[in-house]
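# Structural overview
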Amino acid sequence: MSEVIVLAYSGGLDTSVCVPLLRERYGFDKVITVLTDVGQPKEDIERGNERAKNLSDEHYVIDAREEFVEGYIFPAIKANGSYEGYVLGTAIARPLIARKTVEIAEKLGADALGHGCTGRGNDQLRFEAIFRATNMRVVAPMRDLDLSREWEIDYARDHGIDVPVTRERPWSIDENLWSRSIEGGLLEDPFSEPPEEIYAWTKSPERGIPPAKVEIEFREGVPVALDGEKMGGVELIERLNKIAGEHGVGRTDMIEDRVLGLKARENYEHPAATVLLNAHSDLERLVLSRAELRFKAMVDEAWSELAYMGLVNDPLYADLCAFVDESQKRVNGVVKMKLSSGRAFSVGRKSPDAIYDQEMVSFDSQTLSQRDAEGFAKYHGFQARFLQKR
Ligand code: ARG
């Protein structure tokens, strides 16, 4: 009986090396590759398809960009998704990629599922949280065989895989609509400064170009228009990545606590994510009550942690999303964002659902009698004053 494995394939070094390894070392008769498009650069997808055609027995490409935006990025915006300051780009894409891989494997009646993650990172956990919900075997050659990158590069060359990774440019890059993650090489020394060449989406924030402004319209917590022009999420994020990238917005250089407990130095760029997350949380401050804001900050943190761990099948994930969705019904309005020297900040916001009355807070207003506050002030801090006086 012939053994069939479906591999979540990116077209990069690790997953390309996996294909011959799955035949030679694991004895699979048929290796099927699935490349899920979550907004990687077109060239990467094309190169991946070319490589897969030479390497695997059958290859599938799935355009999941819209699903990624609607089902994964939008929930992240609504929950102000951030783990220790990381916008979760890689993290939220993994469950989707895993699910697409499983769909094909189930349709083909495959025996096993494969991924190219190492045993050091989070991605293995995110893939397997989805893969292991099936009855198929899970194979992870990179983790299993403990291969060094040097060995992989040589093995790839021997198998006719042209890899752009060299010993001089050793970056491991993961890219999708929401963020670009860069790891490896000298970045592994947390004291060494990232060279400018690791960045592809952002220009240097120190270029000194004049600031720009963009207006983002939100409907129920998700962006629906850019500078007054209605557009779908994929296009909006792509455009904003370009615009904000020009101003060097959205570079992150951080020490991150991985799920396994390892601390890692991580570098990211995510211009659109920074603009949208900053704009969204600013708008929330206008429309949510103080009590909602305090409580939602805790929900957002719990949501982000689950998303980071890839535990989107935990029932808590759906519970939290239900709360978040309910809270977003009034998150409608427009936020004016200024992009300047690597920063994106709000300089104006308006909403039909604002808990804000200019007439009431204004210095010039007569609507409220200021004297009414006197009684409130008499009780404010009552206990502390009682103790001080005694
Ligand atoms: N540390 C991040 C995460 O766990 C990014 C991992 C990126 N992977 C990569 N091959 N560059 O989500």
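This text gives an overview of the structure that appears in the document. Worth saying up front: this structure is predicted, and the values here are computed from it rather than measured.

## Observations concerning the overall build of the protein chain
Scanning the protein chain for helices and strands turns up 14 helices and 14 strands. Principal-axis analysis of the C-alpha atoms places the extent of the protein chain at approximately 85 × 50 × 50 Å. Evaluated residue by residue, the protein chain yields a buried proportion of 51% over its 390 residues. A separation of at least 24 residues holds for 72% of the contacts in the protein chain among residues at least 6 apart in sequence. When the 50 basic and 67 acidic side-chain charges of the protein chain are each reduced to a single mean position, those positions are 6 Å apart.

## Remarks on the nonpolar core
Ranked by internal contacts, the top residues of the largest apolar core, which has 81 residues, are Phe 68, Ile 92, Trp 178, Ile 216, Val 275 and Trp 303. When neighbours within four sequence positions are excluded, Ile 92 is seen to be in contact with Phe 68, Tyr 72, Ile 73, Ala 76, Trp 178, Trp 303 and Ala 307. If you look at the next biggest cluster of nonpolar residues, it comprises 24 residues, including Ile 5, Leu 13, Leu 22 and Leu 55.

## Section: the site of the ligand
Taken together, 13 residues form the shell around the ligand, and within it Tyr 86, Asn 122, Arg 126, Ser 172 and Glu 256 come nearest. Between Glu 183 and the ligand, the recorded distance is 3.3 Å, taken from a side-chain N or O atom to a nitrogen atom. The protein chains hide 91% of the 350 Å² of surface that the ligand would expose on its own. For the shell around the ligand, the class distribution of residues is four nonpolar, four polar and five charged.

## Quick word on the pattern of salt bridges
Under the definition given, this model contains 37 salt bridges. Of the charged contacts in the structure, one is a salt bridge between Asp 162 and Arg 51, with a shortest N-O distance of 3.4 Å. A residue pair is termed long-range when its members are at least 10 positions apart, and Asp 162 in the loop between α7 (149-158) and β6 (172-175) and Arg 51 in helix α2 (residues 42-55) qualify at 111 residues. Between Glu 128 and Arg 132 there is a salt bridge, and its shortest N-O distance comes to 2.8 Å. The class for Glu 128 is buried, based on a relative accessible area of 10%. What emerges from the salt-bridge pattern is a single network uniting Asp 37, Asp 63, Arg 65 and Glu 238.

Rules used in this analysis
Sequence order as written defines residue numbering, which begins from 1 separately in each chain. Local features in this predicted model are restricted to residues whose pLDDT is 70 or higher, and side-chain atom pairs enter the listing and the counts only when it is 80 or higher, whereas totals over whole chains, interfaces and linings include all residues. Side-chain figures throughout are based on the complete set of non-hydrogen atoms in the structure, without hydrogens or water. A helix here means a DSSP run of H or I that spans at least four residues, while a strand means a run of E at least two residues long, and both kinds are numbered starting from the N terminus. When accessible area is computed with a 1.4 Å probe and restricted to protein chains, residues below 20% of their type maximum are described as buried, those above 50% as exposed, and intermediate ones as partly exposed. Residues are treated as being in contact if the distance between any of their heavy atoms lies within 4.5 Å. Charged residues are defined here as Lys and Arg on the positive side and Asp and Glu on the negative side; His and the ends of the chain fall outside this count. A charge is said to be at NZ when it belongs to Lys, at CZ for Arg, at CG for Asp and at CD for Glu. Residues enter a nonpolar core if they are buried and are Ala, Val, Leu, Ile, Met, Phe, Trp, Tyr or Cys, with the set joined through side-chain atoms within 4.5 Å. Being near a molecule or strand, for a residue, means having at least one of its heavy atoms within 4 Å of it. Think of a polar contact as two N or O atoms within 3.5 Å of one another; within protein, one of them needs to be a possible hydrogen donor and the other a possible acceptor, and neighboring residues in sequence only count if both atoms come from side chains. Accessible surface is estimated by sampling points in the Shrake-Rupley manner with a 1.4 Å probe; for residues, cover comes only from the protein chains shown. Under the scheme applied here, ten amino acids are nonpolar (Ala, Val, Leu, Ile, Met, Phe, Trp, Tyr, Cys and Pro), four are charged (Asp, Glu, Lys and Arg), and all others, including Gly, are polar. A carboxyl oxygen of Asp or Glu within 4 Å of a side-chain nitrogen of Lys or Arg is what we treat as a salt bridge.

The values are spatial; any link to function lies outside them.
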